[in-house]
Amino acid sequence: MDPTIILLLAVTAALAGFIDAIAGGGGLLTLPALLLAGMPPNMAIATNKLQGTFGVAAASYSFHRAGQIDWSTLRPAIVGTAAGAVLGALVISHVDASWLRPIVPYALMAAALYFALAPYLRAHAPRTALPARAFAIGLAAPVGFYDGVFGPGAGSLYMLAFLAFAGVDLLTATARTKVLNFTSNIVSLAVFALSGQVNFAVGLPMALGQALGAWIGSHVALRHGAWIIRPLLIATTSAAAIKLWMQS
């Protein structure tokens, strides 16, 4: 691939990493960019996992250092996410998963509506957290499966799951989302790498951009909290839904 195109992809990945660290949805920039660069769909999905893994790893580390992640509470969700992602990556390697595409826009629009209405809902309704095992099986595993199959918008779905069913605040949900997003990315990446579908020559420069953008974005999120996270969540999830509707 032309070095200029690789440089542009790396810049795109940096912007995506910044957005992803705060609100999720960075894959909606990077995956179409890889496809526009002429990469075959299966290789684009696999390479997108490589660069995205570096971004969520950098963001997860920043939130961990800030004390925003309770690993003992999150452990069952991590296991559920990993199991779902392995199954999803295996499915996309052997089966046409296009049937998922029409469902995703509706899920993302539901997420956007929830983020917009969240302050009202919290003020007028009791918040009940699901038991950790139920959350892992009923929510983390299915989103992990989707992330293994396709990916873009998975961060927003993790975020919605935490806000609606884990009884945590927005900043905590953001931190935990990065951990689950990293889990599903790294597990599905391993499956794709073993099948030889990852383009490392393109993915590694993008990974450096992702890591830089995610490091900056996570620090912005930690400093400004819900004030900046909520508007970006609504914007990115709505954009994801519209984009996928147009493609379906």
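Position labels on residues start from 1 in each chain and follow its written sequence. Where local features are concerned, this predicted model is filtered to residues with pLDDT of at least 70; where side-chain atom pairs are given and counted, the filter is 80 or more; whole-chain, interface and lining totals use all residues. Based on all heavy atoms of the structure, the side-chain values leave hydrogens and waters out of the count.

### Regarding the overall build of the protein chain
Alright, step 1. Strands here mean DSSP runs of E at least two residues long; helices mean DSSP runs of H or I at least four residues long; both are numbered from the N terminus. Scanning the protein chain for helices and strands turns up ten helices and zero strands.
Alright, step 2. Element order for the protein chain, N to C, with α for helix and β for strand: α-α-α-α-α-α-α-α-α-α.
Alright, step 3. For each residue, the accessible area found with a 1.4 Å probe, counting protein chains only, is set against the maximum for its type, and the residue is called buried under 20%, exposed over 50%, and partly exposed in between. Residue burial in the protein chain is summarised as follows: out of 248 residues, 54% are buried.
Alright, step 4. Only heavy atoms enter the contact rule, under which two residues are in contact if any of them lie within 4.5 Å. Within the protein chain, counting contacts between residues at least 6 apart in sequence, those at least 24 apart form 82% of the total.
Alright, step 5. Areas reported here follow the Shrake-Rupley algorithm with a probe of radius 1.4 Å; residue values treat only the protein chains shown as occluding. With an accessible surface of roughly 10,800 Å², the protein chain has 72% of that area assigned to carbon and sulfur atoms.

### Examining the side chain of Ser184
Alright, step 1. Along the chain, Ser184 falls in helix 8 (residues 170–194).
Alright, step 2. According to the relative accessible area criterion, Ser184 is buried, its value standing at 0%.
Alright, step 3. At a separation of 2.4 Å, a polar atom in the side chain of Ser184 contacts the side chain of Asp147.
Alright, step 4. Excluding its chain neighbours within four sequence positions, the residues that come into contact with Ser184 are Thr81, Ala85, Gly144, Asp147 and Tyr158. Pairing of N or O atoms within 3.5 Å defines a polar contact, subject to two protein rules: one partner must be a possible hydrogen donor and the other a possible acceptor, and residues neighboring in sequence count only if both atoms are side-chain atoms.

### Quick look at the pattern of salt bridges
Alright, step 1. Any Lys or Arg side-chain nitrogen found within 4 Å of a carboxyl oxygen on Asp or Glu counts as a salt bridge. Summed over all chains, the structure comprises one salt bridge.
Alright, step 2. Where Asp147 meets Lys49, a salt bridge forms, and the shortest distance between an N and an O atom there is 2.6 Å. Of this pair, Asp147 sits in helix 6 (residues 132–149) while Lys49 sits in helix 3 (residues 41–65), placing them 98 residues apart in sequence.
Alright, step 3. A relative accessible area of 2% places Asp147 in the buried class.
Alright, step 4. Owing to a relative accessible area of 3%, Lys49 belongs among the buried residues under this scheme.

### A look at the confidence of the model for the protein chain
Alright, step 1. Scored from 0 to 100, pLDDT reflects the predictor's confidence in each residue. The pLDDT averaged across the protein chain works out to 83; a share of 81% of its residues lies at or above 70.
Alright, step 2. Considering each helix and strand of the protein chain separately, the mean pLDDT is smallest for helix 5 (residues 104–124), with a value of 63, and largest for helix 6, with 94.

### As for the packing of helix 1 (residues 3–22) against helix 2 (residues 27–36)
Alright, step 1. Where helix 1 contacts helix 2, the two axes come as close as 8 Å, and the packing angle between them is 160°. Considering the angle they form, helix 1 stands roughly antiparallel to helix 2. Crossing of helix 1 against helix 2: the hand is left-handed. In this structure, helix 1 uses Leu9, Thr12, Ala13, Leu15, Ala16 and Ile19 to contact helix 2, whose residues at the interface are Leu29, Thr30, Ala33 and Leu34.
Alright, step 2. Amino acids are sorted into nonpolar (Ala, Val, Leu, Ile, Met, Phe, Trp, Tyr, Cys and Pro), charged (Asp, Glu, Lys and Arg) and polar (every other residue, Gly among them). Looking at the contact of helix 1 with helix 2 residue by residue, the classes come out as eight nonpolar, two polar and no charged. Axis geometry follows a simple rule: fit a line to the C-alpha atoms, using only the stretch in contact for helices, then measure angles between N-to-C directions, giving values from 0 to 180 degrees. For this classification, under 35 degrees means roughly parallel, over 145 means roughly antiparallel, 65 to 115 means roughly perpendicular, and everything else is oblique. Definitions for this section: a left-handed crossing has its near helix turned counterclockwise from the far helix by less than a right angle. A right-handed crossing has that turn clockwise.

### Some details on helix 1
Alright, step 1. Here the expected length of a helix is defined as 1.5 Å per residue gap, with one fewer gap than residues. The end-to-end C-alpha separation of helix 1 is 29 Å, in line with the 28 Å expected for 20 residues at 1.5 Å each.
Alright, step 2. All buried positions along helix 1 are accounted for by Ile6, Leu9, Ala10, Ala13, Ala16, Gly17, Ile19, Asp20, Ala21 and Ile22.
Alright, step 3. Capping the start of helix 1 is the job of one residue whose side-chain oxygen sits 2.7 Å from the backbone nitrogen of Thr4: Asp2.

### Points about the nonpolar core
Alright, step 1. One finds Leu34, Leu74, Phe135, Phe162, Leu180, Phe192 and Val202 to be the most contacted residues of the largest nonpolar core, which totals 49 residues.
Alright, step 2. Sorting the residues of this core by element identifies helix 1, helix 2, helix 3, helix 4 (71–94), helix 6, helix 7 (154–165), helix 8 and helix 9 (200–224) as the ones contributing at least two each.
Alright, step 3. Element by element, the count of residues in this core is highest for helix 8, at nine residues.
Alright, step 4. Sequence-distant contacts of Leu180, that is, excluding residues within four places in its chain, are made with Leu74, Ala77, Ile78, Thr81, Ala140, Tyr158 and Phe162. Take the buried Ala, Val, Leu, Ile, Met, Phe, Trp, Tyr and Cys residues and link them wherever side-chain atoms come within 4.5 Å; each set so joined is a nonpolar core.

### Observations concerning the environment of Leu180
Alright, step 1. On the secondary structure map, Leu180 appears in helix 8.
Alright, step 2. Residue class for Leu180 comes out buried when judged on its relative accessible area of 0%.
Alright, step 3. For the pair Leu180 and Leu74, spaced 106 residues apart in sequence, the C-alpha separation works out to 8.8 Å.

### So, helix 7
Residues separated by three or four positions in an α-helix point in the same direction, a consequence of the helix having 3.6 residues per turn.
Alright, step 1. With twelve residues, helix 7 extends 16 Å from end C-alpha to end C-alpha; this agrees with the ideal 16 Å at 1.5 Å per step.
Alright, step 2. When you tally the buried positions in helix 7, you get ten out of twelve residues, the bulk of the element.
Alright, step 3. Positioned one or two residues after helix 7, Gly167 has a phi angle of 65°, which is positive.

### Concerning a nonpolar patch on the surface
Alright, step 1. A surface patch of nonpolar side chains, amounting to about 480 Å² of accessible area, comprises Tyr106, Ile242, Trp245 and Met246.
Alright, step 2. If you tally residues by element for the nonpolar patch, the top one is helix 10 (residues 226–247), at three residues.
Alright, step 3. Judged by relative accessible area, Met246 falls into the exposed class, the value being 68%. A patch consists of residues whose relative accessible area exceeds 30% and which take part in no salt bridge; residues with like charges are grouped when within 9 Å of each other, and nonpolar side chains (Val, Leu, Ile, Met, Phe, Trp, Tyr) when within 5 Å.

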